[in-house]
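Per-entry structural report
Here's the letter readout for the chains.
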Amino acid sequence: MKYLIFSDCHWSSYTSILRTRGDKFSVRLEYLIKSINWVNQTALELGCNAMICAGDFMDKSQCTDEELTALRSLHWNNLPCYFICGNHESSVSDLRFSSIKAVESESRTIIDKITLLQNDPACNLIMLPYITETDRQPLHTYLEQLQLNSTKPNIIISHNDIAGINYAGFESKEGFSIEEINDNCILYLNGHLHNSEFINNKILNIGSFSAHNFTNDSMRYNYGIWLLDTETRKLEFIANPYSLQFYKLDINTEKDFELFSKIKPNAVLSIKYPPNLQEILDKQLKKYHDLILSYRVILNNTSQTSCVDITDVPLISSDYTEKFALFCRTNIQANPEILNSELAELFK
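Residues numbered from 1 in each chain as written. Predicted model: local features only at pLDDT ≥ 70, side-chain atom pairs only at ≥ 80, totals over all residues. Heavy atoms only, no water.

**As for the overall build of the protein chain**
When its secondary structure is counted, the protein chain shows seven helices and 21 strands. Relative to its 348 residues, the protein chain shows a buried fraction of 53%. Pairs at least 24 apart in sequence give 63% of the contacts found in the protein chain among residues at least 6 apart. For the protein chain, the accessible surface area stands at approximately 16200 Å², while carbon and sulfur atoms represent 48% of it. (Helix = DSSP H or I, 4+ residues; strand = E, 2+ residues; numbered from the N terminus. Buried < 20%, exposed > 50% of the residue type's maximum accessible area, 1.4 Å probe, protein only. Contact = heavy atoms within 4.5 Å. Areas by Shrake-Rupley, 256 points an atom, 1.4 Å probe, with all protein chains shown as cover.)

What follows is the structure, given as structure tokens:
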């Protein structure tokens with residue numbers, strides 16, 4: 001059977017200091033609408049049997065009126081779609097209660113406990129929702145709850161931490177160990193971690209199907225969907241043409257402007273540069289205007305910091321980096337940990 005797998009949509013009006021409004025909703029929501037509708041159409045065009053979201057379709061356990069209204073702009077196909085509960089869309093203490101229930105229907109099923117997909121002749125396809133570290137048991141104990149066919153290999157689609165992997169510069173101490181994952185399945189496709197990466201020949205961090213903020217690096221990572229054929233065990237990645245793309249461009253010399261040639265459509269830029277290169281920067285922004293949704297500039301080696309939107313409508317201006325950060329923390333309603341990490345990326 002063939003499955004379209006995507007993960008970590010984080011449906012929300014804002015998950016970044018990008019606060020631009022679109023025609024009806026926030027720019028972020030409008031691009032998520034395009035992305036989800038593209039996912040649904042792609043699944044049909046490629047002859048998929050089902051779609052699976054590997055967790056965190058929603059960004060929070062509670063949704064705003066705008067976020068709920070925007071859901072009505074999604075064009076779902078009639079294929080079965082399974083939504084694995086992640087850590088963002090519920091209180092995690094009881095996954096039976098979650099914001100992902102907002103999309104539940106006859107063809108869209110919420111996975112809030114370990115579940116075996118019954119009708120795949122090629123494998124035991126197992127979906128494993130988020131488990132807190134305090135509640136975590138060895139992986140095999142969850143599999144023992146299911147009536148698995150011992151003649152079939154196990155493929156697990158999960159939204160959980162993995163211990164022992166290097167992520168964002170540190171080694172994860174929580175989650176299932178790589179050893180126990182290797183021992184219990186032939187393939188482990190994991191959401192939760194936003195940058196797509198193979199850990200080994202069995203374990204794949206699926207990554208977000210759309211970038212969220214400046215903690216993502218579109219110069220290094222691609223954001224999109226995965227196709228899984230359980231009969232051939234083939235995995236294929238397809239980039240999402242509607243993903244926002246976040247770039248931190250550190251310009252010190254004229255040669256560094258070559259970075260502009262690598263940006264993809266829907267780019268959101270943070271540009272750090274010295275004042276003597278202002279004229280060249282203006283030319284590059286004009287040259288790549290059609291690829292850029294918005295940008296903010298940081299004058300290097302001076303005390304001045306300004307943020308400018310591509311439409312020439314200022315988002316925010318500040319005389320000092322500290323004042324800009326304070327403005328963001330005071331005026332932007334966002335998860336403080338995520339906001340602080342994004343600001344740290346911008347000004348490091």
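Having seen it, we continue.
**What about the sheet that holds strand β12 (residues 187-190)?**
Across the sheet, six strands lie side by side as β5-β6-β7-β12-β14-β13; this open sheet has mixed pairing. In the strand order of this sheet, the two ends are held by β5 (115-117) and β13 (197-198), each with one partner. Examined bridge by bridge, strand β7 (residues 154-158) and β12 share four bridges and lie parallel to one another. Each bridged residue has a counterpart across the sheet, and for I155 the counterpart in β12 is L187. (Pairing = 2+ DSSP bridges.)

**Some remarks on helix α1 (residues 27-45)**
For α1, with 19 residues, the first-to-last C-alpha span of 27 Å sits near the 27 Å given by 1.5 Å per residue. The first or second residue beyond α1 is G47, which carries a positive phi of 70°. (Expected span 1.5 Å × (residues − 1).)

**Brief notes about the side chain of H192**
In this fold, H192 is placed in the loop between β12 and β13. Not counting residues within four places of it along the chain, the set of residues in contact with H192 comprises S7, D8, A54, N87, Y130, H159, N160 and D161.

**Concerning the side chain of N40**
Take N40: it is sitting in helix α1. N40 gets classed as buried once you look at its relative accessible area, which sits at 2%. Reaching out from N40, the side chain makes a polar contact with the backbone oxygen of I36 at a distance of 2.8 Å. Residues within four places of N40 in sequence aside, it is in contact with M51, H75, W76 and N77. (Polar contact = N/O pair within 3.5 Å; in protein donor to acceptor, adjacent residues only side chain to side chain.)

**Thoughts on the nonpolar core**
Ranked by internal contacts, the top residues of the largest apolar core, which has 32 residues, are L4, F6, W11, F57, W76 and F83. Of all the elements in the fold, those that place two or more residues in this core are β1 (2-6), α1, β2 (50-53), β3 (81-84) and β15 (224-229). If one sorts the elements of this core by residue count, α1 sits on top with seven residues. With residues up to four places along the chain from it excluded, the contact list for L4 reads V39, T42, A43, C48, A50, M51, I52, I225, W226 and L227. With 20 residues, the next largest nonpolar core counts I84, I111, I157 and I206 among its residues. (Core = buried A, V, L, I, M, F, W, Y, C linked by side-chain atoms within 4.5 Å.)

**Re helix α5 (residues 278-287)**
Taken together, the buried positions of α5 are L281, Q284 and L285. In a view along the axis of α5, the buried residues occupy a sector of 100°, so they form one face of it. Relative to its buried face, α5 has exposed residues pointing more than 90 degrees away, namely E279, K283, K286 and K287. The inward-facing, buried residues of α5 contact β18 (267-273) and β19 (292-299). (Arc of directions from axis to C-beta.)

**Comments concerning the confidence of the model for the protein chain**
Looking at the protein chain, the pLDDT average stands at 87 and 85% of residues meet or exceed 70. Note that pLDDT drops below 50 for residues 303-320; the model gives that stretch 44 contacts with residues more than four away or on any other chain. (pLDDT = per-residue confidence, 0-100.)

**Points about the pairing of β19**
Across the eight residues of β19, seven count as buried, placing the element largely inside the fold. Relative to β19, β18 runs parallel, the two being bridged by seven bridges. Among the inter-strand pairings, I271 is bridged to a residue of β19, identified as V297. Of the crossover connections in this fold, the one passing from β18 over α5 to the parallel β19 is right-handed. (Right-handed = clockwise from strand over helix to strand, strands pointing away.)

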